[in-house]
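The primary structure of each chain is shown beneath.
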Amino acid sequence: KLASAFKDVIADDSFDQAIEFIAPYNPRHWREAKFRVLEADQLANHEVVITVQDITDRKQREGELVAQAHVDDMTGLLNRAGFTDKAQRQIAHARDGDLYLVMIDVDRFKLINDNLGHASGDAVLTAIAQQMKSHLRSDDTIGRLGGDEFAIILSHVDKDQAYEACNRLVASVAKTPVALSKDKSVNVNISCGMARWHRGENLEKLKHNADMALYEAKRRGRNTAVSA
């Protein structure tokens, strides 16, 4: 990249060139090199000033801003954009059949909001997010897509393992009342629909299949997990 930027500024001296790169032998540090032509009367008389500065702090701030833009403020999970980005990258590197998408929503969540208030609804969503974090593996991808809709990517699992993970989560949520205040709590349930990824399928197709399984879980009476 440095050599390419140098050639570009020689070829066209009407504007400066700048390139960002990771510092050699120190992958946590970033540098920016700027190229500017001082003399360009003749091809043999090009004088180029190269200025290099440390931009590690700036790159870290940029990374933090990107990360914040992909996080759901209330639950601390990935938001829709963050989950979609990570799920697509996982699909790109998955092997046929060893990745599952799980779609989850809270059973009768509207009644919780209507009868107990939106603050109680937020407490329920936060509690369920914590249940997901504690019962799933650290490398599982968990996101809140909006409202009471959650999604999980389970990678390097077979059907039995994915189904067990979903059932364990359903059971844990059902038996753990959500505290709303010092002396008030509410019992909640979730439904899960899971779909296995097959080579050639994109995320939208996988999500459609998982959504169909989730609808079937609702049809069966909720508080359960169904595989597509």
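Look above for the structure.
Everything numeric in this text was worked out from a predicted model, so none of it was measured.

Let us now look at helix H4 (residues 109-116). Those residues of H4 lying buried are Phe109, Ile112 and Asn113. Looking straight down H4, one finds its buried side chains confined to an arc of 95°; they lie on one side. Residues of H4 that are exposed and angled more than 90 degrees away from the buried face: Lys110 and Asn115. Buried residues along H4 sit in contact with strand E4 (99-106) and helix H5 (118-135). Within two residues after H4, Gly117 carries a phi angle of roughly 100°, on the positive side.

What follows covers the nonpolar core. Among the nonpolar cores identified, the biggest contains 31 residues, and Ile104, Val124, Ile128, Met132, Ile152, Leu154 and Ile190 are the most heavily contacted of them. Among the elements that take part in this core, helix H6 (residues 159-174) stands out by supplying six residues, more than any other. Contact partners of Leu154, with chain neighbours within four places excluded, come to Asp98, Leu99, Tyr100, Val102, Leu136, Arg137, Asp140, Ala162 and Ala165. Counting residues in hydrophobic clusters, the runner-up holds 16 residues, among them Leu101, Leu145, Trp197 and Ala210.

This next bit is on the pairing of E4. Where burial is concerned, most of E4 is hidden: eight out of the eight residues are buried. What you see with E4 is no split at all: Leu99, Leu101, Met103 and Asp105 on one side and Tyr100, Val102, Ile104 and Val106 on the other are buried throughout. Here seven bridges tie E4 to strand E6 (residues 149-155), and the two strands are oriented antiparallel to one another. Residue Leu101 lies in a different strand from E6, and its bridge partner there is Ile153. Relative to strand E9 (residues 190-196), E4 is paired through seven bridges, and the arrangement is antiparallel. For Val102, the partnering residue across the bridge sits in E9 and is Met194.

A few words now on empty space enclosed by the protein. Going through the model one piece at a time under the given rule, you end up with one cavity of 30 Å³ or more. The computed volume of the largest cavity comes to approximately 30 Å³. For the lining of the largest cavity, the elements supplying multiple residues, two or more each, are E6 and H6. Examining the composition of the lining of the largest cavity, we find that three residues originate from one element, H6, more than from any other. Class assignment for the residues of the lining of the largest cavity results in seven nonpolar, no polar and no charged.

Here we come to the sheet that holds strand E10 (residues 225-227). In spatial order, the strands read E5-E6-E4-E9-E10; together these five strands make up an open sheet with mixed pairing. The outermost strands of the open sheet, each flanked by one partner alone, are strand E5 (141-146) and E10. Going across the sheet, the axis of each strand differs from the next one's by a mean of 20°, ignoring polarity. Each of E4, E5 and E6 is contacted by helix H3 (residues 80-92), which is oriented at about 140° to E5, the strand it contacts most. H6 contacts E4, E6, E9 and E10 of the sheet and is inclined by roughly 170° relative to E9.

Definitions and cut-offs
Residues numbered from 1 in each chain as written. Predicted model: local features only at pLDDT ≥ 70, side-chain atom pairs only at ≥ 80, totals over all residues. Heavy atoms only, no water. Buried < 20%, exposed > 50% of the residue type's maximum accessible area, 1.4 Å probe, protein only. Helix = DSSP H or I, 4+ residues; strand = E, 2+ residues; numbered from the N terminus. Arc of directions from axis to C-beta. Contact = heavy atoms within 4.5 Å. Core = buried A, V, L, I, M, F, W, Y, C linked by side-chain atoms within 4.5 Å. Pairing = 2+ DSSP bridges. 1 Å grid on protein atoms, 1.4 Å probe; cavity = no way out; pocket = protein on both sides within 12 Å on 5 of 7 lines; lining within 4 Å. Points joined across faces, edges and corners; volume = space filled by probe spheres on them. Nonpolar A, V, L, I, M, F, W, Y, C, P; charged D, E, K, R; others polar. Axes fitted to C-alpha atoms, helices over the stretch in contact; angles between N-to-C directions.

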